[in-house]
Amino acid sequence: MPRLALTSNYATAYAVKMCDVDVIPVYPITPQTTIAEKLSEFVANGELNAEIIHVESEHSALSACVGASAAGARVFTATCSQGLMLAYELLPIMSGLRLPVVMAVPCRALSAPISIHGDYIDLMVARDAGWIILISSCAQEVFDNVIQAFRIAEHRDVLLPVMVAYDGFLMSHTIEPVEVPDDENIVREFVPKKREWLYLDVDRPVTMGPLAGPDWYYEIRFQQVPAMRNAYKIVKEVAEEFYKKFGRKYDTIELYRAEDAEYLMIGYGAVWGFIEEAVDRLREKGVSIGGMRIRLLRPLPVDDIASALRGRKGFIVIDKALITGMPVGPVFSDITTALKIANVDVPGISAVHGVGQRTMYIRDFVELAEKGIEMFKSGKIPRESIYLGLRA
Amino acid sequence: MSSRQEISIRWHGRGGQGAVTAAQVVATCAIMKGLYAQAFPEFGPERRGAPVKAYTRLSTRPIRHREPILNPDYLVILDSSLLELPATLDGARDDTILVVNSPEPPEVVKTRRFGKVVYIDATDVAMKTIGRPIVNTAILGALLKVLDLITLDDILKSLEKFFSGKLLEVNRKAVVEAYNLAKVI
């Protein structure tokens, strides 16, 4: 398979092209814009037969996604940060209408103050809008996740929109090697257009999104619950099939040197590479530590997280997002909830790093682990996040 | 091939000089060759003339993290006035190789040690070949004098991914010209 030198944004665009997407409504926003640029180039060159709809805002972009997907088209869009916030209204509409749209989110900080730089606060705010969320850790995985996302979204037992998230700039603008099949039919065979969702069709009339009173709203809305349960299973099935076809293995979570580890450091997105490096350095010093990353954030893989943590002496979650009003990071909250549901009792420490793209160093993770293990041993576990890289 | 597993290059230029593209050309070239590589800019608002930093890592193994390069093996300076900013030389080691756009050996070689110093009047080369002071491809030619893992031919080939037609031709010319004129001390 040929290797290309691609940023994660370009990896997204290549995957979208290979999935033969029909409609792409987009509005530019840093650091997403190069996805839209590359896709426009593909369409202009005749390499992709798709309708690019240039709209006047992200709210309109996602509205156009609703219309196009409701008409039966395979739809892709991308946004982040303020764009995602402006378009937020459409997120639960799309999951409620069960439209299998795929959206790339190169995650970026939120105003105010204005920041164009990367962190995951935008994604965390949009976590509970009923979308499936995959977080990628390298450009190759971005490419692979976009392809898998269409299969997951359009699966008849799922029919939910999917966000493919990754770090704004740190990944969206970093060139890395990506294996891209030279024959796009290989990808197209993997994501056949089955159109198994209800779409607007004069021969089979349906009403979409009508008013539902207290007598029906709950039942209609509840249908997303089993769909999300199914999504967990389908994410695993699609990953397995993807592995057979493309040789790269994915799961809901990923572990690194974890077999015999007393402690786990947990992260997502580009932080994963820092964790892997830190684990290697700590292992050299004889520290019994491993790494875990969350690939599937929604539906939260509760059992996979719980079984990975069962029997450990402690875990540290690094959230690249600053949430206030909760004393701990957003994914730390998710993980502790998963442990409680599964009745697994392991102490955890919440840490926050990379906010507004504050520079992260591998040594920060090494020091955090060493400090955290001391805390676990002494039983003096902080009740609030440790804020890394923050000037006093 | 160097016995080292990883080569790090830090680029310093000014907005509009093409430092980010140069960083990407080298990484792309390595990836096309079957090596592992990564290139990214130090991200800030894009302003013409403002100092710009970019990073390239080349490796014989996959590169997992995206830490900025603190102690570069190669320090490439597209505008020699940037050497007056103390931050430009931050983290440079005694064996760091300095590649600088300058018609003369830069002043800084009198006051501190480097592994090697390569200098080239890249602005002159760019003006004569491309006709504009976009010095990134010329400075690449100078870097190639001292860079392991990648050859002049590799770079000339990978320029296809960035330029086409007349632009490809003049940029290739800039690389070759600078390669031939660069002085190593």
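Rules behind the numbers
- Residues numbered from 1 in each chain as written.
- Chains lettered and ligands numbered in written order.
- Predicted model: local features only at pLDDT ≥ 70, side-chain atom pairs only at ≥ 80, totals over all residues.
- Heavy atoms only, no water.
- Contact = heavy atoms within 4.5 Å.
- Buried area = accessible area lost by both parts, 1.4 Å probe.
- Polar contact = N/O pair within 3.5 Å; in protein donor to acceptor, adjacent residues only side chain to side chain.
- Helix = DSSP H or I, 4+ residues; strand = E, 2+ residues; numbered from the N terminus.
- Core = buried A, V, L, I, M, F, W, Y, C linked by side-chain atoms within 4.5 Å.
- Buried < 20%, exposed > 50% of the residue type's maximum accessible area, 1.4 Å probe, protein only.
- Domains from an automatic or database assignment.
- Axes fitted to C-alpha atoms, helices over the stretch in contact; angles between N-to-C directions.
- Parallel < 35°, antiparallel > 145°, perpendicular 65-115°, else oblique.
- Left-handed = near helix turned anticlockwise from the far one by under 90°.
- Nonpolar A, V, L, I, M, F, W, Y, C, P; charged D, E, K, R; others polar.
- 1 Å grid on protein atoms, 1.4 Å probe; cavity = no way out; pocket = protein on both sides within 12 Å on 5 of 7 lines; lining within 4 Å.
- Points joined across faces, edges and corners; volume = space filled by probe spheres on them.
- Expected span 1.5 Å × (residues − 1).
- pLDDT = per-residue confidence, 0-100.
- Phe/Tyr/Trp six-rings, centres within 6.5 Å; stacked < 30°, edge-to-face > 60°.
- Salt bridge = Lys/Arg side-chain N within 4 Å of Asp/Glu carboxyl O.

Trainee: It is not clear to me how the interface of chain B and chain A should be interpreted in this structure. Could you clarify?
Mentor: For an interface, size is often stated in terms of accessible area lost upon the parts coming together. Between chain B and chain A, the contact holds 20 residues from the first and 28 residues from the second. Both sides together, the interface formed by chain B and chain A hides about 2,000 Å², and carbon and sulfur atoms give 59% of it. Where chain B touches chain A, the interface holds 10 residue pairs in polar contact (both at pLDDT 80 or more). Ranked by residue count, the leading element in the side of chain B that touches chain A is strand β2 (residues 36-41) of chain B, at 6 residues.

Trainee: It is not clear to me how the nonpolar core should be interpreted in this structure. Could you clarify?
Mentor: Among soluble globular proteins, nonpolar side chains are generally buried collectively. Core analysis: the biggest nonpolar cluster contains 145 residues, and Ile24(A), Leu39(A), Phe76(A), Tyr120(A), Met265(A) and Ile335(A) have the highest contact counts within it. Domain assignment of the residues forming this core places at least three in each of domain 1 (3-246) and domain 2 (253-387) of chain A. Formed by 51 residues, the second largest nonpolar core is a distinct cluster that contains Ile9(B), Cys29(B), Ala126(B) and Val135(B).

Trainee: What am I meant to see in the packing of helix α1 (residues 19-32) of chain B against helix α3 (residues 136-144) of chain B here?
Mentor: When two helices pack together, their arrangement is captured by the angle between the axes and the distance separating the axes. All names here are of chain B. Closest axis-to-axis distance for the α1/α3 pair is 9 Å, and the angle between their directions is 45°. As far as their axial angle goes, α3 and α1 are oblique. Crossing hand, α1 versus α3: right-handed. The segment α1 lies against α3, with Ala19, Thr21, Ala22, Val25 and Val26 engaging Asn136, Leu140 and Leu143. Taken together, the residues of the contact of α1 with α3 sort by class into 6 nonpolar, 2 polar and no charged.

Trainee: Looking at this structure, I do not really get the layout of surface pockets. What am I missing?
Mentor: Any empty space left between the atoms is revealed when a probe the size of a water molecule rolls over them. Reported here for the largest pocket is a volume of approximately 1,700 Å³. Lining the largest pocket are 50 residues, with Tyr10(A), His173(A), Val20(B), Thr21(B) and Gln24(B) positioned closest to its centre. The set of elements that each furnish at least two residues to the lining of the largest pocket consists of β1 (3-6), α1 (8-18) and α2 (33-44) of chain A together with α1 and β3 (51-59) of chain B. Across the lining of the largest pocket, the residue classes tally to 21 nonpolar, 16 polar and 13 charged. By volume, the second largest pocket is sized at about 790 Å³. Lining of the second largest pocket is provided by 28 residues; of these, Cys138(A), Gln140(A), Glu141(A), Pro62(B) and Ile63(B) occupy positions nearest its centre. Breaking the lining of the second largest pocket down by element, the ones donating at least two residues are α7 (139-154), β8 (176-179), β9 (253-256) and α11 (271-284) of chain A together with β2 of chain B. The element that contributes the greatest number of residues to the lining of the second largest pocket is β8(A), accounting for 4 residues.

Trainee: Is there a simple way to explain helix α13 (residues 330-341) of chain A in this structure?
Mentor: An α-helix turns once per 3.6 residues; consequently, residues spaced three or four apart project the same way. All names here are of chain A. Between its terminal C-alpha atoms α13 stretches 17 Å, which fits the 16 Å expected from 12 residues at 1.5 Å a residue. Residues Pro330, Val331, Phe332, Ser333, Asp334, Ile335, Ala338 and Leu339 constitute the buried set of α13. Directly beyond the C-terminal end of α13, a positive phi value near 55° is found at Asn343.

Trainee: Would you take a moment to explain the confidence of the model for chain A for this structure?
Mentor: When pLDDT drops low, the exact placement of atoms in the prediction is not to be read closely. Looking at chain A, the pLDDT average stands at 97 and 100% of residues meet or exceed 70. The secondary-structure element of chain A with the lowest mean pLDDT is β1(A), recorded at 96, while strand β6 (residues 132-135) of chain A shows the highest, at 99.

Trainee: Hey, could you run me through the packing of aromatic side chains in this one?
Mentor: The description of an aromatic ring pair rests on the distance of the ring centres and on the angle between the ring planes. Residue and element names in this part refer to chain A. As enumerated under the stated definition, the model contains 10 aromatic pairs over all chains in all. With a centroid separation of 5.1 Å and an interplanar angle of 80°, the aromatic rings of Tyr14 and Phe42 are classed as edge-to-face. With Tyr14 in helix α1 and Phe42 in helix α2, this residue pair connects regions lying 28 residues apart in the sequence. In terms of burial, Tyr14 and Phe42 fall into one category: buried. Ring centres of Phe242 and Tyr250 lie 6.1 Å apart, and the angle between their planes is 55°; this geometry places the pair in the tilted category. Both residues of the pair, Phe242 and Tyr250, count as buried.

Trainee: Please explain the packing of α11(A) against helix α14 (residues 362-378) of chain A as it appears in this structure.
Mentor: Residues and elements named next belong to chain A. Two numbers describe how α11 lies on α14: the axes approach to 8 Å, and their chain directions differ by 60°. Taken together, α11 and α14 sit at an angle that is classed as oblique. Considering only the axes of α11 and α14, their crossing is right-handed. Within the contact between the two elements, α11 uses Val271, Phe274, Ile275, Glu277, Ala278, Arg281 and Leu282 and α14 uses Ile362, Arg363, Phe365, Val366, Ala369 and Glu370. Taken together, the residues that form the contact of α11 with α14 break down as 9 nonpolar, no polar and 4 charged.

Trainee: I tried to follow the domain arrangement of chain A on my own but got confused; where do I start?
Mentor: All names here are of chain A. Taken domain by domain, chain A consists of domain 1 (3-246) and domain 2 (253-387). With 31 residues of domain 1 at the interface, the matching set in domain 2 holds 25 residues. When domain 1 packs against domain 2, the two sides together hide about 2,300 Å² of surface, and 57% of this comes from carbon and sulfur. Of all residues in domain 1, Arg127, Ile135 and Tyr232 bury the most surface against domain 2, accounting for 24% of the area lost on that side. In this assembly, domain 1 and domain 2 are joined by 6 salt bridges. For the interface between domain 1 and domain 2, the tally reads 20 residue pairs in polar contact (both at pLDDT 80 or more). The set of elements that each furnish at least two residues to the side of domain 1 that touches domain 2 consists of α6 (121-125), β6, α7 and α10 (224-246). With 5 residues, the single largest contributor to the side of domain 1 that touches domain 2 is α10.

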